[in-house]
Amino acid sequence: NAGVMQNPRHLVRRRGQEARLRCSPMKGHSHVYWYRQLPEEGLKFMVYLQKENIIDESGMPKERFSAEFPKEGPSILRIQQVVRGDSAAYFCASSPEGTGSQPQHFGDGTRLSIL
Amino acid sequence: GNSVTQMEGPVTLSEEAFLTINCTYTATGYPSLFWYVQYPGEGLQLLLKATKADDKGSNKGFEATYRKETTSFHLEKGSVQVSDSAVYFCALRPSGGYQKVTFGTGTKLQVIP
């Protein structure tokens, strides 16, 4: 009964490179959420996706960041031309629906370090 | 807009002490309320939830009661253990259509033997 799977757990990139973070939701979940957590801070919402659709990207920077959740395969958060300030833990969560009282289930995160 | 305010940490307690972590919220209507726990190096795990006024969520000795009149959802545990050391997040999800979850900033709990 696998939970939300994120990979890689740790990712190191040099400034200017691209970072690709993957998230496979729990079985039966079709709603995916991405959050960013800076050290000693809370979670900041970035984007909410359903299969093949971006529902809410109000928390995602307009430049360099993009997200997708294709019909087949995991959700991908892509950060182009990374900068030092992108260093953070990125968490993915999933839920069976986007409304109501259903909680979100979280993965263990990807810790991104920019050299 | 919606918001969640948690007491600032870190909170340091001795083993077997009583724990309270305050959480108040601002939202329209009747949101669902959650407490999540994050252990070092891990993601958030749902600890408990309540979906309507006066509901009490409970799990692993932790409790929280949904208080509509005071817009609060304080987390309590009667006797903490060293293994409870973690960061605790209060969160809300508004009712009615799609609404994203709003998290508090987290409260770090350290329990010493």
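See the structure printed just above.
This write-up is about the structure you can find in this document. (Residues numbered from 1 in each chain as written. Chains lettered and ligands numbered in written order. Predicted model: local features only at pLDDT ≥ 70, side-chain atom pairs only at ≥ 80, totals over all residues. Heavy atoms only, no water.)

### Examining the sheet that holds strand 3 (residues 19–24) of chain A
Residue and element names in this part refer to chain A. In plain terms, the rule: Here, strands pair whenever DSSP counts at least two bridges between them. Secondary structure counts use DSSP, requiring at least four H or I residues in a row for a helix and at least two E residues in a row for a strand, with both numbered from the N terminus. For helices, the fitted axis covers only the stretch in contact; all axes are lines through C-alpha atoms, and the angles between them, taken along N-to-C directions, range from 0 to 180 degrees.
Taken together, four strands build an open sheet; the order of strands is 1-3-8-7 and the sheet is antiparallel. Two strands in the sheet have a free side with no partner beyond their single neighbour: strand 1 (5–7) and strand 7 (65–68). On average, adjacent strands in this sheet sit at an angle of 15° to one another, irrespective of strand direction. Examined bridge by bridge, strand 3 and strand 8 (residues 75–79) share five bridges and lie antiparallel to one another. Bridging from a neighbouring strand, Cys-23 pairs with Ser-75 of strand 8.

### Let's talk about the sheet that holds strand 9 (residues 75–77) of chain B
All names here are of chain B. In space, the four strands of this open sheet follow the order 3-9-8-7, with antiparallel pairing throughout. One side of each edge strand has no neighbouring strand; the edge strands of this open sheet are strand 3 (19–21) and strand 7 (56–59). Strand-to-strand twist in this sheet, taken as the mean axis angle between neighbours without regard to direction, amounts to 15°. Relative to strand 8 (residues 62–65), strand 7 runs antiparallel, the two being bridged by four bridges. Within the sheet, the bridge partner assigned to Lys-56 lies in strand 8 and is Thr-65.

### Quick word on the interface of chain B and chain A
As a reminder, the rule being used: Throughout, a residue-residue contact means that at least one pair of heavy atoms, one from each residue, lies within 4.5 Å. Any carboxyl oxygen of Asp or Glu within 4 Å of a side-chain nitrogen of Lys or Arg constitutes a salt bridge here. Counting of polar contacts relies on pairs of N or O atoms within 3.5 Å, with two restrictions inside protein: one atom must be capable of donating a hydrogen and the other of accepting it, and residues adjacent in sequence are counted only when both atoms are side-chain atoms. Throughout, the ten residues Ala, Val, Leu, Ile, Met, Phe, Trp, Tyr, Cys and Pro are labelled nonpolar, Asp, Glu, Lys and Arg are labelled charged, and all others, Gly among them, are labelled polar.
Across the contact, 21 residues belong to chain B and 26 residues belong to chain A. Put simply, chain B and chain A have zero salt bridges between them. Scanning the region where chain B abuts chain A turns up five residue pairs in polar contact (both at pLDDT 80 or more). No other element matches strand 5 (residues 32–38) of chain B, which puts four residues into the side of chain B that touches chain A. Taken together, the residues that form the side of chain B that touches chain A break down as eight nonpolar, nine polar and four charged.

### A word on the packing of aromatic side chains
What counts here: Between rings of Phe, Tyr and Trp, where Trp is taken as its six-membered ring, a pair exists when centres lie within 6.5 Å; planes separated by under 30 degrees are stacked, by over 60 edge-to-face, and by other angles tilted. Remark: exposure states derive from per-residue accessible area (1.4 Å probe, protein chains only) relative to the maximum for the residue type, with buried under 20%, exposed over 50%, and partly exposed in between.
All chains considered together, the criterion is met by ten aromatic pairs over all chains. Both rings, one in Tyr-35 of chain A and one in Phe-45 of chain A, keep their centres 6.0 Å apart while their planes meet at 75°; by these two values the pair is edge-to-face. Of this pair, Tyr-35 of chain A sits in strand 4 (residues 31–37) while Phe-45 of chain A sits in strand 5 (residues 43–50), and the two are ten residues apart along the sequence. By the burial criterion, Tyr-35 of chain A is buried, and Phe-45 of chain A matches it. Taking the centre distance of 5.6 Å and the plane angle of 40° together, the rings of Tyr-35 of chain A and Phe-106 of chain A count as tilted. Here the residue Tyr-35 of chain A occupies a position in strand 4, and Phe-106 of chain A occupies one in strand 10 (residues 105–106), the gap between them amounting to 71 residues. Classification of Tyr-35 of chain A as buried rests on a relative accessible area of 0%. Three or more aromatic residues joined by ring pairs make a cluster, and in this case those are Tyr-35, Phe-45 and Phe-106 of chain A together with Phe-34, Tyr-36 and Phe-103 of chain B.

### Thoughts on the layout of surface pockets
How we decide: Here a cavity is any set of points on a 1 Å grid over the protein atoms alone where a 1.4 Å probe fits but cannot get out, and a pocket is any open set with protein on both sides within 12 Å along at least 5 of 7 lines; a residue lines the site when it has an atom within 4 Å of a point. Grid points are joined across faces, edges and corners, and a volume is the space filled by probe spheres set on the points.
Looking at the largest pocket, its volume works out to about 890 Å³. Lining the largest pocket are 43 residues, with Gln-37, Leu-38, Glu-40 and Glu-41 of chain A together with Phe-89 of chain B sitting closest to its centre. Of all the elements in the fold, those that place two or more residues in the lining of the largest pocket are strand 4, strand 5 and strand 9 (88–95) of chain A together with strand 1 (3–6), strand 10 (86–93), strand 11 (102–103) and strand 12 (107–112) of chain B. Per-class residue counts for the lining of the largest pocket are 19 nonpolar, 16 polar and eight charged.

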